[in-house]
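Close look at the chain arrangement
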Amino acid sequence: PMSARFPGVLVPGDDRDAFATALDVAPTFLELAGVEPPRTAYQGREIHPMRGRTLVPYMKDSRSVPYADDEPVAFEIFGHGVVFMGPWKAVRLRPP
């Protein structure tokens with residue numbers, strides 16, 4: 001769940017249920033602030049590029065969903081993994 005307030009763009013009481021991830025928060029805030037995210041280097045140091053995407057087009061209704069049904073989104077942490085694609089979710093859990 002996520003709550004957002006964006007006067008002039010989001011209508012109070014608007015309720016959406018599209019899939020998005022926590023990785024999408026930083027790119028969204030950077031776009032709203034008018035800041036270009038660093039790509040592969042920051043202050044002379046090599047960095048990994050951001051993996052999320054901005055939700056601004058979705059919030060402004062120029063996209064109906066942040067991720068298309070045929071677009072897989074995957075995560076892995078501590079050996080556990082998950083892949084989301086459209087209405088489907090595949091989960092891999094390590095044994096305890």
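Preceding this paragraph is the structure being described.
The structure reproduced in this document is the subject of the present report. (Residues numbered from 1 in each chain as written. Predicted model: local features only at pLDDT ≥ 70, side-chain atom pairs only at ≥ 80, totals over all residues. Heavy atoms only, no water.)

**Concerning the sheet that holds strand β4 (residues 80-85)**
Worth spelling out the cut-off: Only strands that DSSP links by at least two bridges are regarded as paired with each other. A run of H or I in DSSP becomes a helix once it reaches four residues, and a run of E becomes a strand once it reaches two; helices and strands are each numbered from the N terminus. To obtain an axis, a line is fitted to C-alpha atoms, over the contacting stretch when the element is a helix, and the angle between two such axes runs from 0 to 180 degrees between their N-to-C directions.
The strand order across the open sheet built from three strands is β3-β4-β5, with neighbouring strands paired in antiparallel fashion. Strands at the two margins of the open sheet, each flanked by one partner only, are β3 (73-77) and β5 (88-92). Across the sheet, the mean angle separating the axes of adjacent strands is 10° when strand polarity is ignored.

**Topic: the pattern of salt bridges**
Inclusion rule: A side-chain nitrogen of Lys or Arg and a carboxyl oxygen of Asp or Glu constitute a salt bridge if their distance falls within 4 Å. The cut-offs for exposure are 20% and 50% of the maximum accessible area for each residue type, with area from a 1.4 Å probe on protein chains only; residues under the lower value are buried, those over the upper are exposed, and the others partly exposed.
Taken as a whole and judged by the stated rule, the model has four salt bridges. With a shortest N-O distance of 2.3 Å, E36 and R39 are connected by a salt bridge. In this structure E36 comes out as exposed when scored by relative accessible area, which is 56%. The shortest N-O distance in the salt bridge between R53 and E71 comes to 2.5 Å.

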